[in-house]
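# Fold and geometry: a report
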Amino acid sequence: MKETRGKIYGVAGPTVLVKGMAGPVMNTVCLVGKQGLLGEIIRIKGELVTLQVYEDTSGISVGEEVISYGIPLSVTLGPGLLTGIFDGIQRPLEKIRQAAGGFITRGIKFEALDIDRLWEFTPLKKKGDFVEPGDIIGTVQETERIVHKIMVPPGQSGTITEIKTGKVSGAEYVCMLEKGKFIGLFQEWPVRKPRPFAAKLPPSTPFITGQRVFDTLLPVAEGGTAIVPGGFGTGKTVVEQSIAKFSRSDIVVYVGCGERGNEMSEILSDFPALKDPTSGLPLSLRTVIVVNTSNMPVAAREASIFTGITIAEYFRDMGYSVAMLADSISRWAEALREISSRLEEMPGEEGFPPYLATQLGIFYERSGKVRCLGTDNRTGSVTVISAVSPPGGDFSEPVTQASLRFAGSLWALDPDLAYRRHFPAVNWLASFSLYQAELNDWFVSEVAEDMVKLRGRLYSLLRRQTELRDIIQIIGVEALQEADRLTLEVANLATEAFLKQSAFSEVDAFNTYEKQYGILKSIFTFMESAEAALKRGVYIETILENPIRGRITRMKEFPNEGFSKKAEEMMRDIENEFTMLEEK
Amino acid sequence: MTIDLIKREYRTISSISGPLIFVEKLSGGSLGEMCVVELADGEKRTGQILQLMGTTAIVQVLQGTSGIDSDASSVLPTGETARIGVSKELFGRVLNGFGEPIDGLPPIIPDEYLDINGLPMNPAAREKPDFFVQTGISAIDGLNTLVRGQKLPIFSGAGLPAKELALQIVRQAKVSEAADFAVILGAMGITSREGFFFRKSLQEAGALERTIAFINEVSDPTIERLFTPRIALTVAEYLAFEHGYHVMVVLTDMTSYCESLREIGSAREEIPGRRSYPGYMYTDLATLYERAGRLKGKKGSVTLMPILTMPDDDITHPIPDLTGYITEGQIVLSRALHRKGIYPPVDVLPCLSRLMGLGIGEGKTRDGHRTISDQLYSAYARGMDVRRLVTIVGEEGLSDLDRKYLAFADEFERKFVGQGEADRSIDETLDLGLELLKSVPEREAVRRK
Ligand SMILES: Nc1ncnc2c1ncn2[C@@H]1O[C@H](COP(=O)(O)OP(=O)(O)OP(=O)(O)O)[C@@H](O)[C@H]1O
Ligand SMILES: [Mg+2]
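Presented here is an overview of the structure given in this document. (Residues numbered from 1 in each chain as written. Chains lettered and ligands numbered in written order. Predicted model: local features only at pLDDT ≥ 70, side-chain atom pairs only at ≥ 80, totals over all residues. Heavy atoms only, no water.)

### Regarding the interface of chain B and chain A
At the interface, 69 residues of chain B touch 77 residues of chain A. A combined buried area of about 6,000 Å² lies between chain B and chain A, and 57% of that area is made up of carbon and sulfur atoms. A per-residue breakdown of the area chain B buries against chain A is headed by B:Leu31, B:Pro123 and B:Tyr325, which together make up 12% of the total. Among the ionic pairs, A:Asp270 bridges to B:Lys128, the shortest N-O distance being 2.9 Å. The leading source of residues in the side of chain B that touches chain A is helix H10 (residues 369–393) of chain B, at seven residues. Here the side of chain B that touches chain A is composed, by residue class, of 34 nonpolar, 17 polar and 18 charged. Across three bridges, strand E1 (residues 4–12) of chain A lies against strand E4 (residues 44–53) of chain B in antiparallel orientation. (Contact = heavy atoms within 4.5 Å. Buried area = accessible area lost by both parts, 1.4 Å probe. Salt bridge = Lys/Arg side-chain N within 4 Å of Asp/Glu carboxyl O. Helix = DSSP H or I, 4+ residues; strand = E, 2+ residues; numbered from the N terminus. Nonpolar A, V, L, I, M, F, W, Y, C, P; charged D, E, K, R; others polar. Pairing = 2+ DSSP bridges.)

As C-alpha cells, then:
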C-alpha cells in the first residue's frame, strides 16, 4: 500500500479533479478534502486525476487535500452482514441513524461490520491440517437461520498451526497458518473484482419464486438471470419484494439502487415480522439490504450493485443459493451516464457511455451456479433478478436492450395490464425464458409427468385468446362460433385463476409447484369436460352459467398445504357437474 | 434568504452565457457557494457557484445576466451555501421564490438558518407511512388512497383544473386532519392570476394562517425556480421534524421547474438527455420528491403533492415519466372527462397510489376497501373496453353483459368520479362504489367476496 497526496483542482457535480498525485492507481479510493469524503479514482490523464465522490460535493474548495492509500473500493465480508442495511459503499445505515438521527450527515464514517462483536466460532479443522482457498475452517451461527462458514480467502493456503474455538471477534485471528499468515472472521474484497470459484455449472434446477406466471410459464434457473422491465407503476418493485419474501433461496441480497426510501422502510419494518416459507423464521435473518435511494449520492449508487453482488458471491462461496435482487439497474446505468458526462466522454446512444453494455455484461455474468473453491466440492449459486425502468416504458432504449443480451428470462411488464389491475402485469407474449428446455426434466420428475405438456397447452390457449380478442374487435362477441367462445372463456378463466396473483393476499402470495400444477390441471380438466359437453349438445350458456367456473377461480384461496387433494376433489367435481348437464 | 457581508471581490468575469457567468482567478470558492453579483450601477444580484475548474468558477445568476458586463461588474463570494432563515413566524406569510417577503410585511426573525438542499433522509430512519388522509375526493380516497408522508403528484394538461383540485384537497384534508396541519405552497412560473387564485382560495378556506406561500411568477427570474421547491421543502422539514406538524407541500408547476433546469443545462453545454432535458433530471427531481416522508421517533410528516403539466398531454414525456418513476403513484387528469364537464376529471385507470395498501382496511378506512376498489377498477376497465368496441362494431355487436358494463362506466364517471365540490367521507365513497357495482353481474365480478 502506498500513500499519495494531491490537491483539488476542480469540482463538478459528483466528480473532483486532482493535481499533483504521484503514481495514482485506477479504481483505488481516496479521502477527499477537509471532510474526508470517500472517492474513487476513475480516470488518470496526465497530471489530472478524476475521482467520483461517494458523497455530496457541495462545500468542497479548490486546493483542499486528497489522500490515496492505493486500496481498491472494497467491502468487508463476514458475520454480521445478515439483517444488515448498508448504503452503496457499505456504510451501516442503522449505526449512522443511531449517531446522526434522521438524516445522513456528510463525512460520517463507520466500519461496515461491528468489529468488537463476539461470535461463537466452531472449528472444523485442526492443527496440522493443510487448507486451501475456499476450505471451510469453521462456522459461526450468524443468525438463527444461517450458519456462516469461515473460509480460507482466495490466495491463501498452508498448514494450520493454531485454530481457536469459542468466542472470537472480527478484530482477532481465528486461525494461524505456517509462516505467520492468519485468517480472521472478516475478509476484504474489491467490489469490482468477481470472486473466484472452481467451475461454472450449467443450469439444471429452477429458482422457485412462488409466482405462478414465472415458475410455470417463464422459469428462471438457479444461477440464472431474469430482467423485469416495465414503465413506472407496472409492478417491478412488487415482483422484487415478493421474490425477496417468498423465493426458495437461502440468502437474499436486496439492492435498492436509486429508488424510493419509503419502499425500504416497508422492507425494514416488515421483514423482521414475516416468516420465510422454508424455515418459518423471520425473513430478515436471511437478508442483506444494500440501499442507495435516488436522493443519495449518485456515485455511491453506481457502486451499490457491485457491493451487492460481491456480498452475494461471498454467500454463494459458502455453498448457498443466493438471490440477488436489483431495483433498478436503470438507475445504476443513469449514474454511470451522469459520471461519464462529467468526464466529457464521447457519449453513445441516448448519452450513455459506449461501455454501458460491457459493464452491464460484467455485472450479469457474476450470476451463476458454481462449484465453489475448496476441497469439499460444494455448489452455490447467485440468481440475479433485476428491474429495468425504461424511459416512457419504451423497451427499445439502451439499458433494456443491453440487459436483454444477458438475460435468460425476460419478464416484461405492461402498463395496460397494470391499469386494469391485472397483477403481476406480465405480458407473456412479449416475455420469454431460455431455461425452459434445460428445466423440462426437472419439471417432469419433480412436479408432474404432464407439467411440461400442460404448460404447452396453456401457451397455445393464451395465444388463441389474443387471436380471438382481435377477431372480436372486428365482429363482436355475439358473432363468435360457440367453440371459439368457449375457448375464449377458458382462456379468461386461466387469466383470472392462474395468471393473476395478488401480492397482498396472504394465502396466494406464494404458491408451491403443487398448487400451481393443481390449478392448471383443474383449468384443463374444465376445458376438456366443457368441450365434450358442447359436442354432446349442451348449450354454451348452460356451461358458462355453471358455478364451477367461479370455484376454479377461487382455488387460489386454498393454502399450499394439502393442495393436491383439494385439486383432485375439484377435478372430480368438475367431471360430475358436467355429466349432469342437460343437453339442448 | 439573506446573504451575509463580504470580503472578497472579483472583477474578473471572462464570459457570459445565458444565465451563467465565468469568473477567473477566483480562489477559495467552494461548490454551491452563494455570491453577490454587483453591477456597474450598484444593482445586486444573487449567484451560486456551480462548478470550479482551477481558478475558474461557473456562477449561475438567479435574476439572469442581462445588463451584466465583464468589465464593470464584480462577483463577491459570501462563504455561505444557500440557506433559508426559518421560524414559525413564517405562517401566514407570502414570500417570493427565493424566500423574501412580498406581502409588504417585514422579514421574519429566524430561529435558525438551514441549508436549502437538506440532507438525504436515512432509509433506515424512515417510518413507514400508514396514516390515511381523507381528501374527500372519491377517486382518491376510494381508489388511490393518500397517506401521510407520501409523495403523490397530479399529472395535468394545459387548461385542466389541477390547481382547483389541489386546493380542494388542501381545504378538505385540513378539515379531517388535526390542528397541527400546515400547508406550504411552492409556486414556480405561475401566472399572477393563478397566484391570486391560490391566495384567495386559501384565505376563503380559512387556511391562510396555516399556510406559507413561496411564489415565483412567470415574470420572475427563471433560475430562481430552482430554489423555490428546495426552500419550500426545507421549511416543511423544519416544521415537520422540529415542531411536529403534518405538512402538506403543494409544488406547482414542476414543468416550469424542469424548464429552468434545462436552461442551465444547455447554458453549461451539457450533453442533453431525452427531449433535451438534462441526463441528471431523475436525480435532481428525486432530491426534491424524496424529501417527503416520516421519521422514526418524530411526530410530524411531510406529504408532497407536486403538480405538473404534461406537454401535449403526453404521459411518456420526461417530466411526468421521471416524476412517476420517483413518486409513490400519480393522479392523472383527463381532457376527455373535462370536456364532458366532469369535475374532478380524474382518469382513474392510469392513477395509482402505491402506499394505498398501508393506509386502508379495518381500523383505517374500512374492511373490504381493497376488494371494492379492485372491483371498481376491473369493471370500469371492462366498460372502457366495451366503449372502444362500440366505436368499431356498434351497439348491435354487444352482448347484454357488455351493455351493462358500458352503462356502469358512464355511471361511474358521472357519479363516482364527477363529484364536483362535494366533500365525501370515506364511508360515503365506499358505499357509493358498492351501490354502483350492483349493476354489474355477481358472477362476473369474480373478486367479490
Ligand atoms: N402482484 C401484485 N399484486 C397486487 N398489486 C400489485 C402487484 N404488483 C403491483 N401491484 C400494484 O402496483 C403498484 C405499483 O407497483 P410497483 O411499485 O412494484 O411498480 P414499479 O414497476 O416498481 O414502479 P417504479 O418503476 O415507478 O418503481 C403497487 O403499489 C401495487 O398497488
Ligand atoms: Mg419500483
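### Side note on the environment of B:Arg268
If you trace the backbone, B:Arg268 turns up in the loop between helix H5 (254–267) and helix H6 (281–289). Take B:Arg268: its relative accessible area is 18%, and that puts it in the buried class. For the pair B:Arg268 and B:Arg382, spaced 114 residues apart in sequence, the C-alpha to C-alpha distance is 50 Å. If sequence neighbours within four positions are ignored, B:Arg268 has contacts with A:Arg342, B:Leu20, B:Leu50 and B:Gln51. (Buried < 20%, exposed > 50% of the residue type's maximum accessible area, 1.4 Å probe, protein only.)

### So, the site of ligand 1
Every one of the 19 residues lining ligand 1 counts as a neighbour, but A:Lys236, A:Thr237, A:Val238, A:Arg260 and B:Arg354 are closest to it. The site occupied by ligand 1 is bordered by residues of chains A and B. Contacts to ligand 1 include A:Val238, whose backbone N or O atom sits 2.7 Å from an oxygen atom. In the complex, the protein chains occlude 94% of the 630 Å² of accessible area that ligand 1 would expose alone. Top element by residues in the shell around ligand 1 is helix H3 (residues 236–246) of chain A. It accounts for three residues. (Near = heavy atom within 4 Å. Polar contact = N/O pair within 3.5 Å; in protein donor to acceptor, adjacent residues only side chain to side chain. Areas by Shrake-Rupley, 256 points an atom, 1.4 Å probe, with all protein chains shown as cover.)

This is a description of form; function is not addressed.
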